[in-house]
Every structure is written in C-alpha cells, then in structure tokens.
Amino acid sequence: MNKKSYGKTYKFLCVSDIDILKDMNIEVLKSRFKDVDFIMSAGDVSNYYLDYLVSVLNKDMIYINGNHVYHKDYPIPFAKNIDGKFIKYKNLRILGLDGSKVYSFQEHQYTEKDMFFKILKNWLFLLNGVDIVISHAPPKGIHDVDDRVHEGFSVFNKLIKLLKPKLWIHGHIHLTNYMDYQETLVDKTLVSNTFGYRVYTIIK
C-alpha cells in the first residue's frame, strides 16, 4: 500500500516594524530559531537588523521594504529583496509587495493603481498559484486603520479572492506589544500581522 504524501513542511521566521530580537540573548536567539528554514521581513526594520539576524542564525533572508527604509546606505547584498517581485524559493511560490498607501509622496508609497500594476507585472507567474504573499500594508478592511497612513489596499482583497494564497503576511500595523496576535482567515487564506516577529509553518 502506498503511503499518502503530505508534502514538505517549511518553518520560517518573519519580522517587521520593530527590531525586537536584537535585545534577545544571542544564545537564546540561536536556540529558539535553530530549526527555521529561512527568514522573511515585512518591512520597516533596519538593514543592520536584517544583517544581524542572518549573521546569528545563518539562514537565507527574503525581504520587502516598508514605507520607511532604515540604514538603506548599509548594503545587504546577501538578502533577497522582492519588492514587487514573484519568486520561487524552496518549492514555495512567493510574491512580495512593498510599501504603503501614499500619504507624503515619498519612496515606497503607492496609490491603488500603482499597486495594481505591481501585481499585474507578475500576473503570468501568479496564474500558476502563489503560496505566500508578503506585503507591508494589509488588505483593505483587514487589520488596517482608517487613516491615510495605515489604510489597506483594496486590490489585495481582490488578489486573495482570485488566487487564494495559503498565507498572506503583512506588517505596518503596530500592536500593543509584539506578543499580541492578529490573524484573520479569509476563505482559505490566513492573513497574519507579523508585528515584531512570528514563526510560521507552511506545507507544500
């Protein structure tokens, strides 16, 4: 009798918005995250911080930028930036969508139309499915705040409805503390705020 295959399980660390793990003892940090397969960042953390995490944990880093880029003059060429890009990594199909709604016309701020065209550029790849979407801003009406800075994108909701990714990770929305959880299941897609840090598991 053939055993049913359930796919491979991937475990990864994701950070955003606050450099909280730099305050953790290095040996504790290594021990706590020794079994993660890779690291992701949903933005608004410093390049120094991303470098530190890669140096301590010795894992690949995939990241997007938020509406703020801290120490952008500090190069991190070892990290994979996926601002507005689709990639295949470890058999996972991943889309990265950086930035926030436009509010002061600085870099990494976008209108709904801008974000629509970011997604459209990757559409041929997305038609074959996507496992993880990592954005800085949340979808409209899911974890967002009704102000110019922290409002979500409506086009994200349409993408969830059309493609049903397993996991949609965002940052940008600050919680009372990094221990708080903010997750919403939208049909088959788990939308999760990764403020501070979270560890995720996905099966593919």
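See the structure above.
Source: prediction; values computed, not measured. (Residues numbered from 1 in each chain as written. Predicted model: local features only at pLDDT ≥ 70, side-chain atom pairs only at ≥ 80, totals over all residues. Heavy atoms only, no water.)

**Notes on the overall build of the chain**
Here is step 1 of the chain: Broken down by element type, the chain carries 5 helices and 13 strands.
Here is step 2 of the chain: The C-alpha atoms of the chain give 16 Å as radius of gyration, which agrees with the globular expectation for 204 residues (17 Å, within 12%).
Here is step 3 of the chain: Considered along the principal axes of its C-alpha atoms, the chain spans approximately 50 × 45 × 30 Å.
Here is step 4 of the chain: Every one of the 204 residues in the chain was classed for burial, and the buried ones make up 51%.
Here is step 5 of the chain: Of the contacts made within the chain by residues no fewer than 6 positions apart, 65% connect residues no fewer than 24 positions apart. (Helix = DSSP H or I, 4+ residues; strand = E, 2+ residues; numbered from the N terminus. Rg over C-alpha atoms; globule rule 2.2 N^0.38 Å. Buried < 20%, exposed > 50% of the residue type's maximum accessible area, 1.4 Å probe, protein only. Contact = heavy atoms within 4.5 Å.)

**Overview of the pairing of strand β6 (residues 92–97)**
Here is step 1 of the chain: Of all 6 residues in β6, 6 are buried, a share of seventy percent or more.
Here is step 2 of the chain: Here β6 shows two buried faces, one formed by Leu 92, Ile 94 and Gly 96 and the other by Arg 93, Leu 95 and Leu 97.
Here is step 3 of the chain: Here 5 bridges tie strand β5 (residues 85–89) to β6, and the two strands are oriented antiparallel to one another. Bridge pairing in β6 places Lys 85 opposite Gly 96.
Here is step 4 of the chain: With antiparallel pairing between neighbouring strands as the criterion, β5 and β6 make up a hairpin whose turn holds 2 residues, including Lys 90 at a positive phi of roughly 50°.
Here is step 5 of the chain: The pairing of β6 with strand β9 (residues 132–135) spans 4 bridges and is classified as parallel. Each bridged residue has a counterpart across the sheet, and for Leu 97 the counterpart in β9 is Ser 135. (Pairing = 2+ DSSP bridges.)

**Thoughts on helix α3 (residues 112–120)**
Here is step 1 of the chain: Three or more residues of α3 are buried, namely Met 115, Lys 118 and Ile 119. Each buried residue of α3 sits inside an arc of 95° when the element is viewed along its axis, so together they form one side.
Here is step 2 of the chain: In this structure, the buried residues of α3 make contact with β6, β8 (109–110), α4 (123–126) and α5 (154–163). (Arc of directions from axis to C-beta.)

**Things to note about a nonpolar patch on the surface**
Here is step 1 of the chain: A cluster of nonpolar residues, Phe 116, Phe 117 and Leu 120, forms a patch on the protein surface that exposes about 270 Å² of accessible area.
Here is step 2 of the chain: By secondary structure assignment, the location of Leu 120 is in helix α3. (Patch = residues over 30% accessible without salt bridge, like charges linked within 9 Å, V, L, I, M, F, W, Y side chains within 5 Å. Areas by Shrake-Rupley, 256 points an atom, 1.4 Å probe, with all protein chains shown as cover. Salt bridge = Lys/Arg side-chain N within 4 Å of Asp/Glu carboxyl O.)

**Thoughts on the packing of aromatic side chains**
Here is step 1 of the chain: Evaluated as defined, the whole model comprises 9 aromatic pairs.
Here is step 2 of the chain: Geometrically, the ring pair formed by Tyr 48 and Tyr 74 is tilted, given 4.3 Å between the ring centres and 50° between the ring planes. Remark: Tyr 74 occurs in the loop between β3 (61–63) and β4 (80–81) and Tyr 48 occurs in helix α2 (residues 47–57); sequence separation between them is 26 residues.
Here is step 3 of the chain: Tyr 74 sits in the partly exposed class, given a relative accessible area of 27%.
Here is step 4 of the chain: Counting every residue linked through ring pairs, the aromatic cluster contains Phe 12, Phe 38, Tyr 89 and Tyr 200.
Here is step 5 of the chain: Across from the ring centre of Tyr 10, 5.4 Å away, lies the NZ or CZ of Lys 8, which sits over that ring.
Here is step 6 of the chain: Note that Lys 101 overlies the ring of Phe 153, its terminal NZ or CZ placed 5.5 Å from the centroid. (Phe/Tyr/Trp six-rings, centres within 6.5 Å; stacked < 30°, edge-to-face > 60°. Lys NZ or Arg CZ within 6 Å of the ring centre and 35° of its normal.)

**Topic: the environment of His 150**
Here is step 1 of the chain: Here His 150 shows up in the loop between β9 and α5.
Here is step 2 of the chain: Taking the relative accessible area as the measure of exposure, His 150 reaches 24% and is therefore partly exposed.
Here is step 3 of the chain: Contacts of His 150, omitting those with residues within four sequence positions, involve Asp 144, Val 145, His 172 and Ile 173.

**Considering the environment of His 68**
Here is step 1 of the chain: Checked against the element boundaries, His 68 lands in the loop between β3 and β4.
Here is step 2 of the chain: Separated by 53 residues in the primary sequence, His 68 and Val 15 have C-alpha atoms spaced 15 Å apart.
Here is step 3 of the chain: Not counting residues up to four positions away in its chain, the partners in contact with His 68 are Asp 44 and Tyr 103.

**What about α5?**
An α-helix turns once every 3.6 residues. As a result, residues three or four positions apart point the same way.
Here is step 1 of the chain: All buried positions along α5 are accounted for by Val 155, Phe 156, Leu 159, Ile 160 and Leu 163. Axial view of α5: buried residues confined to an arc of 145°, hence all on one face. Turned more than 90 degrees off the buried face of α5, the exposed positions are Lys 158, Lys 161 and Leu 162.
Here is step 2 of the chain: Just downstream of α5 lies Lys 164, where phi reads positive at about 50°.

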